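Structural features, examined
The chain contents come next:
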Amino acid sequence: MPGMGNSLRAAALLAFVVLSILVSLLISSVQQFGARKSHLSNATVAADEEEFASLRGALIYQLNERRKEIIPLLLPGHDDDDDDDENRLPGYSRHSLQHDQTLDSILDYNLWNEITHGSRKAHMDEMDCDSLVDMQAVEILGSGYTKLVVKVNLAGGQPVALKLVNEQGIDMGKCVEDFKDPRGCRELVSYKLKKEIVLLQRLKHPNVIQLKGHCAGDVGGRGGEGGRVTVILEQGNPLQMIQLLQSPWEDRFRSPLGSVTLLDFQPRQFVTVSGELKLTDLDDASAEETSCQMDADCTLQFPHRNFTLPCSTQGVCEGLNEKRNIYNAYRYFFTYLLPHQAPPGFTHLVDHIMNSTGELKADINQTLDAFEHILLLYKSGLHLDNLPPSIIRDYTVMRGMGTSGNGEYRCWPSYSQQGCVLSVHSAKEAAYICNSHSQCNSFTLTGQKTWTGHLLASFRSSFSHLVPNGISEVYVKKTKAPEASTEECRGQAEEAFEVRQVN
């Protein structure tokens, strides 16, 4: 039995030794694994930091490129007494941007500072962040790759349009995917809004949307370089080409006249404000001409036409932007708005504009001169000189009178959907129109005028009786008086006049 005890002790001792070795190996393996894991973790962190630094550098580069786009728009500026570096564009010194010592080469740093930091109301602005407190959103007017446009009612009830970064837009989404920095991307995308603010501060034109103000930061004025930017604009309605085509020629002529010298022509970039066509999207405007080495670099490509301009000795395609704008005006607006229903006396003049712009034979100033020539003739009525003077003698006129119980008929294009209301230069032109309508037996000049100073004439087939109206004139055909003879109309007019005198 003693031998068996020794054997058991030996076995136990052997088992302990083996177990100790296994534990030692396990501890060693765990330590080695931990060391490798720590090494891998440190390597991963270092790689992440390197990637972040690379992405941040690329984003800063893009931010600086956007700043460079705005710099030319700040020239010429106003000479400011404040030379503090905080008021200067980040990354640029006043000396590095000067081409000479004149005031025209000094940037408007105050404007930039106001737009970027929201420090106070920018000059010429009416509204700021405080104006948006307690506003009520009404509807989304539009959204695109970069911006969201929302109609809101301010606390006092005034409707305005707000432009802000579209957080769900393609530009914002792609930026976050590329740079992994939502705040930096918001700043990058907002540069289009900042550019619009600068342009709208500089441009004052009846066919450019009116800038009401802006908010840099949150409502309440908390701004900052990475803060939100909101542009406050006058309220407009999206352009509907069908509505323009259904409007009278005079109103259609008004639309391109004021817009021909603007920067870009796309229907979606325009709105209507009280019947006026206004450019509302300026973020893609550029003051720089395309650089070139040969004429082939100065080619304008359109769906159905290409044009090649000469490359100047300075290495730029001079006039390329202007020619692009003229042709876009021709294909988007002139083609649809000018020829249809143009007055007969202006057909050859309209055709000249269509040919010169469609073939890029005229510059913007020449095109504007052609429009103004037509406008002058239209306002003066010189195109009506061929109408026989005797045409108005076929009508009996009752001044200071209106009509009641009218028999209306419709014509197109009309200022009224319920009847036939047209713009005329004089009673003679209204008589000519009435003679050309088989239904027309009388017309009334209401005293109302259009934007050209023309009178609004209401044409009808019949009426039951006359009523006093101090600003109207009723013209009745002598040969075919409506439902009453001319003498009866005269009698009604005298009775109405006597009643008005008694009252």
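Right above here is the structure, for reference.
Here is a short report on the structure shown in this document. What you are looking at is a predicted structure, and each value in this text was computed from that prediction instead of being measured.

Cut-offs used in this document
- Residues numbered from 1 in each chain as written.
- Predicted model: local features only at pLDDT ≥ 70, side-chain atom pairs only at ≥ 80, totals over all residues.
- Heavy atoms only, no water.
- Disulfide = S-S within 2.5 Å.
- Helix = DSSP H or I, 4+ residues; strand = E, 2+ residues; numbered from the N terminus.
- Buried < 20%, exposed > 50% of the residue type's maximum accessible area, 1.4 Å probe, protein only.

Further remarks concern the state of the cysteines. What we call a disulfide is simply a covalent bond connecting the sulfur atoms of a pair of cysteines. In total, this model carries six disulfides according to the counting rule given. Disulfide partner of Cys129: Cys215, at an S-S distance of 2.1 Å. Residues Cys129 and Cys215 are joined by a disulfide whose S-S torsion is about 100 degrees; by sign, that bridge is right-handed. Residue Cys129 is located in the loop between helix 3 (109–117) and strand 1 (136–143), and its partner Cys215 is located in strand 4 (residues 211–216); the two are separated by 86 residues in the primary sequence. Take Cys129 and Cys215: they sit in the same class, and that class is buried. Between the sulfur atoms of Cys434 and its disulfide mate Cys440 the distance is 2.0 Å. Measuring handedness by torsion sign, the sulfur bridge of Cys434 and Cys440 sits at about -95 degrees and is left-handed.

A few words on unusual backbone geometry. Comment: phi is negative for the bulk of residues other than glycine, and the bulk of peptide bonds are trans. Here the bond from Trp412 into Pro413 is cis, since omega is 0 degrees, no more than 30 degrees from zero. Here Pro413 shows up in the loop between strand 12 (407–408) and strand 13 (420–424). A positive phi angle, near 65 degrees, is found at Asp134, a position not held by glycine. Among the structural elements, Asp134 can be located in the loop between helix 3 and strand 1. On the basis of relative accessible area, Asp134 is assigned to the exposed category, the value being 63%. Its identity is not glycine, yet Gln341 carries a phi of approximately 65 degrees, on the positive side. Considering the arrangement of structural elements, one finds Gln341 in the loop between helix 9 (320–337) and helix 10 (347–358).

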